[in-house]
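Commentary on secondary and tertiary structure
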Amino acid sequence: MSLKRFHIAFITIAGLQLLSGCQQKNDKTLSEDTATFEKVTIQRSQYGIAHIKADSLYGLGYGNAYAQAQDHACILADGYLRIQGQRAKYLGADKKSGDNYYVQSDFGHRILDVLGRTERAYAGLSEQTQALATGFADGYNAYLSAVERSDESLAKECAGQEWVKPITAIDVIANILMLGVQSSAGRLMPAMLQADPGTEQEWLPKRVEKEFTHWPLAISRSYLEQPIQTQGSNAWALGREKTESGKGVLLANPHFPFGGNFRFWAHQAEITGKMNVMGASVVGFPGVVNIGFNNELAWTHTFSAAKHAVIYRLSLDPDNPLRYQIDGQWHDIEQQEIELEVKTTAGPIHLVKTVYHTDVGIVIEDAQRFPWDHEFVYVVKEANLDSFDAIDHWLALNQAGSMTEFKATFKDFNGMLFNNTLAADKLGSTFYIDDSNVPALSASALQLLNEHPVISQVFKQTGMAVLPGNNSEYIYSKEIDFENAPQLERTDYVQNANDSYWLTNAQSPLHAHSPLYGKINSQQSLRTRQSLAMLQHAAGTDGLFNGSEVETALLNNETYFERFMPDILKLCADYSGQKLNIKEGLNMSVDPACAAITLWDGTFNLTSKSAHLILEFAEQLDFKADFAIPFDPLQPQTTPRGLPQQEIILRKLLIAAKNVEIAGFSLTAELGQVQFLQKAEQRIPWPGAAHRVGGFNVFSTSNNMDSTSFSPNIEPPIIDIVSGRPTYSGLSQRGFDINFGSSWMMVVEFTEGGPQARGLLSFSQSASDNSDHFADQSQYYSKNLRLLDLPFTADELAEKVVSEQYLIIEKD
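First, a word on scope: everything that follows refers to the structure included in this document. Along each chain, residues carry numbers from 1 onward, in the same order as the chain's sequence is written. Totals for whole chains, interfaces and linings use every residue, but because this is a predicted model, local features are given only for residues with pLDDT of at least 70 and side-chain atom pairs only at 80 or more, for both listing and counting. Each side-chain value is derived from all of the structure's non-hydrogen atoms; neither hydrogens nor water enter the calculation.

1. Some details on the pattern of salt bridges
Between Lys or Arg on one side and Asp or Glu on the other, a salt bridge is scored when a side-chain nitrogen of the former is within 4 Å of a carboxyl oxygen of the latter. For the coordinates displayed, the defined rule picks out 23 salt bridges. Ionic pairing is found between D626 and K652, a salt bridge with its closest N-O pair at 2.6 Å. Within this pair, whereas D626 is found in the loop between α17 (611-620) and α18 (647-663), its partner K652 is found in helix α18, the two being separated by 26 residues in sequence. For the pair D626 and K652, one class covers both residues: buried. Taking the shortest distance from any N to any O, the salt bridge between R758 and D789 comes out at 2.9 Å. Taken together, the residues span a long stretch of sequence, with R758 in strand β33 (residues 754-761) and D789 in strand β34 (residues 788-789) at a distance of 31 residues. For helices the rule is a DSSP run of H or I covering at least 4 residues; for strands it is a run of E covering at least 2, with both sets numbered from the N terminus onward. Relative accessibility under 20% of the residue-type maximum defines a buried residue, over 50% an exposed one, and the middle range a partly exposed one, all with a 1.4 Å probe and only protein chains included.

2. Concerning the packing of aromatic side chains
For any two aromatic rings, the description comes down to two numbers: the centre-to-centre distance and the angle of the planes. Stacked, edge-to-face and tilted are the three classes for Phe, Tyr and Trp ring pairs, Trp counted by its six-membered ring, which pair at centre distances within 6.5 Å; planes under 30 degrees apart are stacked, over 60 edge-to-face, the rest tilted. For the coordinates displayed, the defined rule picks out 33 aromatic pairs. When the centroid spacing of 5.7 Å and the interplanar angle of 80° are considered together, the rings of W686 and F699 count as edge-to-face. Taken together, the residues span a long stretch of sequence, with W686 in the loop between β28 (682-685) and β29 (699-700) and F699 in strand β29 at a distance of 13 residues. The buried category is assigned to W686, whose relative accessible area is 0%. Ring pairing ties together the aromatic residues Y560, F561, F564, W600, F604, F617, F623 and F627, which thus form one cluster. Taking NZ or CZ as reference, K95 lies 5.0 Å from the ring centre of Y101, over its face. We count a charge as sitting over a ring when the NZ of a lysine or the CZ of an arginine lies within 6 Å of the ring centre and within 35 degrees of the ring normal. Lying over the aromatic face of F676, R683 brings its terminal NZ or CZ to 3.7 Å of the ring centre.

3. Structural notes on empty space enclosed by the protein
Buriedness of a pocket was judged along seven lines, with at least five required to meet protein on both sides within 12 Å; pockets are open sets of points on a 1 Å grid over the protein atoms alone, cavities are sets where a 1.4 Å probe fits but cannot get out, and lining residues have an atom within 4 Å of a point. Grid points are joined across faces, edges and corners, and a volume is the space filled by probe spheres set on the points. One pass over the full model with this rule turns up three cavities of 30 Å³ or more. Reported here for the largest cavity is a volume of approximately 180 Å³. Surrounding the largest cavity, 20 residues form its lining, V282, N290, W394, F418 and N419 being those nearest its centre. If you list the elements that add at least two residues to the lining of the largest cavity, you get α7 (169-181), β7 (232-238), β8 (249-257) and β12 (297-303). Here the second largest cavity defines a volume of roughly 60 Å³. If you trace the second largest cavity, you find it lined by I173, I176, L177, S387, F388, A390, I391 and L417.

4. Section: the sheet that holds β28
When DSSP finds at least two bridges between two strands, those strands are taken to pair. One open sheet holds the three strands; their spatial order is β28-β27-β30, and the pairing between them is mixed. Of all the strands in the sheet, just β28 and β30 (736-737) have a single pairing partner and so form its edges. Bridge analysis of strand β27 (residues 675-679) against β30 gives two bridges, and the strand direction is parallel. Paired with Q675 across the bridge in β30 is F736. The criterion used for residue contact is that any of the two residues' heavy atoms lie within 4.5 Å. Every axis in this analysis is a line fitted to C-alpha atoms, fitted for helices over the stretch in contact. Angles between the N-to-C directions lie between 0 and 180 degrees. Sheet contacts for helix α20 (residues 776-784): β27 and β28; angle to β28, the most-contacted strand, approximately 35°.

5. Section: the side chain of K652
Residue K652 is classed as buried on the basis of its relative accessible area of 15%. Excluding its chain neighbours within four sequence positions, the residues that come into contact with K652 are F617, Q620, L621, D622 and D626.

Note that every value here comes from positions in space, so none of it alone points to a role or purpose.
Structural data, given as structure tokens:
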């Protein structure tokens, strides 16, 4: 199916004014030849939320792409350039002077080869996936054509750039594949790049034009030392025993980056007579909704604690470092030459590098942990690297007409990649599953992981499964199936806040599964403990929740840390009037800091005084060691607890206070003076807590997951007065510059009249500062701390729609 011609009509509802378009084909033409033409409708409701209606999957993908491109064309274009490994060709070697960022990125993505893997798999993919991906590619390309005609425009980040170019369905699917491995094997790209049997600098790429001289490509930090920022989330699915209505209620609260390819986008997807679903999706996902609801049920996802990759140590031929042994048989390590074009001021140059693969996985090298020597070489085998079920799986979730059908999708597809899934339906049933793609290790491999004196300790301390690869019995060949995945059905609740599956329901802890799914009988984060506490205490006097009470629980910005305040205040009283030595040459009075924290109201709202000091203090504490009562697996919700009455605890408070002073803020400042979201020239005061203090609605300064070429430059954090390292909180002399956290916030309550949904995209719908919807939801969140009504039915949408646009596509 290919695009021949398209028409755009854009109508502003208030004025019924035709803004742009070609000659319109009348309705008679469309009705007489529906096999040739399809009309796709794009409506925009309040705050720019897109509502796409089509007659086919192709049309849905087409309209979805066109609307996404209106808000995020630059993010999409940059993402496709990244997976193609062509950034250096258009942007040069460096993101910052001398860092070779784009050269490293291009080689890394070419080694992962998500584009090539997709090309090889494409013919075997389902018709549904191909239709959505082809429609998306054609819709995106149609938008670029509209830009050329000046009917549409691009944001300043990519306007007029030659790297904004047409794509194919292969690019669309490869982009989804990369999302699945970015936080797993994707983190190992520096180690893939350094892999080489040589003992010196042979791994460096070489410049072709200079008779293969080495290109200076220093990787300054190992991947294990890079700051990690994985996706997070909170989720509740409440059943009939826990709700006032006796029907399901769902809370969706994914913690994702505010920029880049993991950014969310809000939309409704309707195929006439076949599907109607609303929610939000990661930018670039074609057509369907990732987190949302239909008339029968609602679902959300959280980032799984599971591991999706295994590192194998292969035994080498002592006389040939390019041969390895499995089951007594020798195999060759495959070599591949990769060539990149790099833009320079003197004209393009070409770099070439040899990379290495095996039938087991991609070769990696880290001189400290994974050396390639005369005995061994290490490879990574990633479960998601050839997983192409994602589009089919989410489409099936979107179309599920009951909880039974919803559950069946996990038997039919393995498309959830890195997600837990939680759902609630209109009958008051709930369901949880971690059906992310987890390697199915053999019993002998699991025994090594659990009991081997070295392998088990490496796994316990680093979370990395490193196994011998000399025996095929240890090498997994498939992922764990539906029946053996952690899952739970309840009629009270299921929840997750990024700890493992263990306490999905505190009254019914799940038994042990593969250790690759995460730990049981282990200390839970303060955020998980806050989630479980709110499920017990945040309902009304009847102990049952309605949608409004769930929304209040999400946004009240209370934290688990408040429970520690009596211990801290007692310490302050005991040491009142004293000075403590913080480090050599620095003595501090306890009184100013202690006086400041007495002003804290226990929340992280804009007017909360000294909340920033509390956050800095929490960063100083060791939440495993700094407790009077240690963790007890029989009391996971209430242990560890009690800060010890020791001088060291108060000293950590004073260190935090000194850091706040160094940053230039008063100890008693309100949070709105310190924490903010920067939207172009607008500094928007930002309410919300942090993971570290046991908040639920949480945010972070980190932008490590924004891999776009135009990610914002964040002012570096101040240096901690004692450790000499940048503060973990990200506190700078500008304050807390938020770039990550609660993104698509949604509460869905099923009623006799159907689903009643409220939601908000915290960073707003569009990434273009030319758009009216660049900062409007952000401003609303800052001022109101409330969600917005989501118009789902035709009648609801009719009241909220502010514009309408038609795409008329002629198909083969």
